[in-house]
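Examining the three-dimensional arrangement
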Amino acid sequence: MLKETTQAVIEVCELKKAFADYQALKGISFTVNAGEILALLGPNGAGKTTTINCLLGFLQPDSGTVSIGGINVQHDVVRARQQLAYIPEQVALYPRLTGLENVSYMSQIAGISLSQNEYRALLEKVQLPAHAIDKAISTYSKGMRQKVGIAIALAKQATALILDEPTSGLDPSASYEFSQLLGQLAGQGVAILMATHDLFRAQEDAHSVAILNQGQLVHRLQGQDMQDVQLESLYLQHIRREALC
Ligand SMILES: Nc1ncnc2c1ncn2[C@@H]1O[C@H](COP(=O)(O)OP(=O)(O)OP(=O)(O)O)[C@@H](O)[C@H]1O
């Protein structure tokens, strides 16, 4: 269940972005509230990663605004990023360092200073197998690296979490475990934006859905409507309709 709150943490307003003469985003708007998991869906090239890159401050919008926790990313990218954790499809970690050393080092870079025991407790909380905590990341599976990414987000006490294709390449049980962790984070009030092609996990885990196609937000679904919908047929209906236009 989505926590009863309407506090927008991630805000995208009339966002436009072009690459040369190709309009990748044509003025999209949506918000993600505290405690909400929003699944950003859309076919290849729809503009999901471009949206995320604008939110992370890696790309400058041509017009419109993006903000995290009320901070306009273009105006103050450092403060905006302090509130944010990002888990890309391949979590970038130091392969020779252990899981524990990675969480500790990445947190320190973000200005967080916890004890080794506290970092260890975070890795235990995300259910990284105990035998792996002190092993090099190069020996980890993708699901284990994802868990380290979540532990870093917990250490940062991020209010917003952005994920790009988090479950791609995970086996069904790793995918389920990961979605449980996302549910726990949302339960603690974190606003979660997840770009994904995984319609099954979106249907199971998300409180709301935004479907992007060719740089436009073609459908937004939230609240009770989420429970009543068959997401795959809704998705296909929208994508096919756009293809025919
Ligand atoms: N740096 C770039 N230069 C030129 N075109 C780009 C650039 N980045 C993205 N694009 C184009 O913008 C459009 C949107 O790309 P984007 O990566 O945001 O899509 P996506 O929805 O994330 O797709 P996928 O599901 O394949 O990851 C695509 O047509 C892509 O080719």
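Cut-offs applied
Residues numbered from 1 in each chain as written. Predicted model: local features only at pLDDT ≥ 70, side-chain atom pairs only at ≥ 80, totals over all residues. Core = buried A, V, L, I, M, F, W, Y, C linked by C-beta atoms within 7 Å. Buried ≥ 20, exposed ≤ 12 C-beta atoms within 10 Å, placed from the backbone. Helix = DSSP H or I, 4+ residues; strand = E, 2+ residues; numbered from the N terminus. Domains from an automatic or database assignment. Pairing = 2+ DSSP bridges. Contact = placed C-beta atoms within 7 Å. Nonpolar A, V, L, I, M, F, W, Y, C, P; charged D, E, K, R; others polar. Near = placed C-beta within 6 Å. Axes fitted to C-alpha atoms, helices over the stretch in contact; angles between N-to-C directions.

**Observations regarding the nonpolar core**
- Ranked by size, the top nonpolar core spans 70 residues in total, and within it Val103, Ala151, Ala160, Leu161 and Ile192 carry the most contacts.
- At 8 residues, helix 5 (residues 142-156) tops the list of elements feeding residues into this core.
- Lining this core are residues from two domains, each supplying at least three of them: domain 1 (8-83 + 159-244) and domain 2 (96-157).

**A word on the pairing of strand 1 (residues 8-19)**
- Note: strand 1 against strand 2 (residues 22-33), 9 bridges, orientation antiparallel. Along strand 2, the bridge assignment pairs Val12 with Phe30.
- Taking the residues between adjacent antiparallel strands as the criterion, strand 1 and strand 2 are bridged by 2 residues, where Ala20 takes a positive phi near 50 degrees.
- One ladder, built from 5 bridges, connects strand 1 with strand 4 (residues 63-68); its direction is antiparallel. Counterpart to Lys16 in the pairing with strand 4 is Ser63.

**A few points about the domain arrangement of the protein chain**
- Segmenting the protein chain into domains produces domain 1 (8-83 + 159-244) and domain 2 (96-157).
- The C-alpha centroid of domain 2 is placed 25 Å from the C-alpha centroid of domain 1.
- The interface is formed by 8 residues belonging to domain 1 together with 7 residues belonging to domain 2.
- When residues in the side of domain 1 that touches domain 2 are grouped by element, the largest group, 4 residues, is from helix 6 (residues 172-187).
- Per-class residue counts for the side of domain 1 that touches domain 2 are 6 nonpolar, 1 polar and 1 charged.

**Let's talk about the site of the ligand**
- Lining the immediate environment of the ligand, one finds Phe19, Tyr22, Ala24, Gly42, Asn44, Gly45, Ala46, Gly47, Lys48, Thr49 and Thr50.
- Of all elements in the fold, only strand 2 and helix 1 (48-55) reach the threshold of two or more residues within the shell around the ligand.
- The dominant element in the shell around the ligand, judged by the number of residues it contributes, is helix 1, at 3 residues.
- Residues that form the shell around the ligand fall into these classes: 4 nonpolar, 6 polar and 1 charged.

**Section: the sheet that holds strand 9 (residues 208-213)**
- Spatially, 6-7-8-3-9-10 is the arrangement adopted by the 6 strands of the open sheet, whose pairing is mixed. Strands with a single pairing partner mark the edges of an open sheet, and in this sheet they are strand 6 (84-87) and strand 10 (216-222). Across the sheet, the mean angle from the axis of one strand to that of its neighbour is 15 degrees, orientation sign disregarded.
- Relative to strand 9, strand 3 (residues 37-41) runs parallel, the two being bridged by 4 bridges. The residue bridging Leu40 from the neighbouring strand is Ala210, located in strand 9.
- Each of strand 3, strand 7 (160-164), strand 8 (191-195) and strand 9 is contacted by helix 1, which is oriented at about 145 degrees to strand 7, the strand it contacts most.

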